[in-house]
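These are the residues of each chain, in order.
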Amino acid sequence: MKILVLTGSPHKKGTTALLADEYCQAAEEAGHTVHRFNTAFMQIQPCTGCDHCRKSDDSDCIFRDDMQNILPHLLDADAVVLVSPLYYFAFTAQLKNVVDRFYEVNDKLQKNPKQLQMIVAGADTDEWAMDGVKAHYQCLCRYLNWEDRGMVLAYGCGTREEAKQSKYVKEVTKLVQNL
Ligand SMILES: Cc1cc2nc3c(=O)[nH]c(=O)nc-3n(C[C@H](O)[C@H](O)[C@H](O)COP(=O)(O)O)c2cc1C
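Every value quoted in this text rests on a predicted model; they were computed, and no experiment measured them.

### Side note on helix α2 (residues 67–76)
Taken together, the buried positions of α2 are occupied by M67, I70, L71 and L74. Seen from one end, α2 has its buried residues packed into an arc of 110°, which puts them on one side. Tucked into the core, α2 has its buried residues touching β1 (2–7), β2 (33–38), β3 (79–85), α3 (93–100) and α4 (106–110).

### A look at empty space enclosed by the protein
In total, this model carries one cavity of 30 Å³ or more according to the counting rule given. Of the volumes computed, that of the largest cavity is approximately 110 Å³. Residue composition of the lining of the largest cavity, grouped by class: eight nonpolar, three polar and four charged.

### Focus: the nonpolar core
Core analysis: the largest hydrophobic core is formed by 31 residues, its most contacted members being L6, I70, L74, V80, L82 and F102. Looking at this core, the elements that each hand over two or more residues are β1, α2, β3, α3, β4 (115–121) and α5 (131–144). Broken down by element, this core gets its largest block of residues, five residues, from α5. Setting aside chain neighbours within four positions, we find I70 in contact with L4, L6, F37, T39, M42, I44 and V98. Judged by nonpolar contacts, the second largest core, of 24 residues, contains V83, I119, A121 and V152.

### Quick word on the sheet that holds strand β5 (residues 147–154)
Strand order in this open sheet of five strands is β2-β1-β3-β4-β5, and the pairing throughout is parallel. Single-partner strands in this sheet number two, and they are β2 and β5. The average undirected angle you get between the axes of adjacent strands in this sheet is 15°. By the bridge criterion, five bridges tie β1 to β3 in an arrangement that is parallel.

What counts and what doesn't
- Residues numbered from 1 in each chain as written.
- Predicted model: local features only at pLDDT ≥ 70, side-chain atom pairs only at ≥ 80, totals over all residues.
- Heavy atoms only, no water.
- Buried < 20%, exposed > 50% of the residue type's maximum accessible area, 1.4 Å probe, protein only.
- Helix = DSSP H or I, 4+ residues; strand = E, 2+ residues; numbered from the N terminus.
- Arc of directions from axis to C-beta.
- Contact = heavy atoms within 4.5 Å.
- 1 Å grid on protein atoms, 1.4 Å probe; cavity = no way out; pocket = protein on both sides within 12 Å on 5 of 7 lines; lining within 4 Å.
- Points joined across faces, edges and corners; volume = space filled by probe spheres on them.
- Nonpolar A, V, L, I, M, F, W, Y, C, P; charged D, E, K, R; others polar.
- Core = buried A, V, L, I, M, F, W, Y, C linked by side-chain atoms within 4.5 Å.
- Pairing = 2+ DSSP bridges.
- Axes fitted to C-alpha atoms, helices over the stretch in contact; angles between N-to-C directions.

Shape is all these values report; function is a separate question.
Pasting the structure below:
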């Protein structure tokens, strides 16, 4: 299976980098092909809603940026995994930026069912802390006609160290088995 992993943290060695590393290693060990893009380190313009990409079937985005590296893998992937720290109860802006740029290929994505998974880590331990990001993920699955293949919501993981000592390291490797 071809898996596209999109991470959203600006920390190269942070909490979600650790969880993404564990996930990718487990996925490769299980025989999957993994393409990972750390979106916070890419040059990707935010969608301006100009609708140029919707003028005709051949029209594409006005921006020639790093999204062009992601798009072929996005279209080709059997599964997409969104990985992000929780920022004010949502994905980071960096990851949302990439999801907004799905707009260019929206029709193709809707007609090309994929599996979706999500890994989010945050410092909070309140049981409601992940409700917003969970709802967003579920709307994405529903709108894109993608299959929800599970998520790991890592509560109480404000640092890499906390994540390392948590049950979530094992949980992300188990997530691979849901594909
Ligand atoms: C701008 C900002 C907003 C944050 N918002 C939340 C939040 O709403 N809930 C939460 O539990 N943690 C929040 N955090 C904490 C991070 O999610 C947490 O430290 C996470 O482990 C960082 O992951 P990373 O190292 O992969 O970037 C926030 C951190 C920052 C910098």
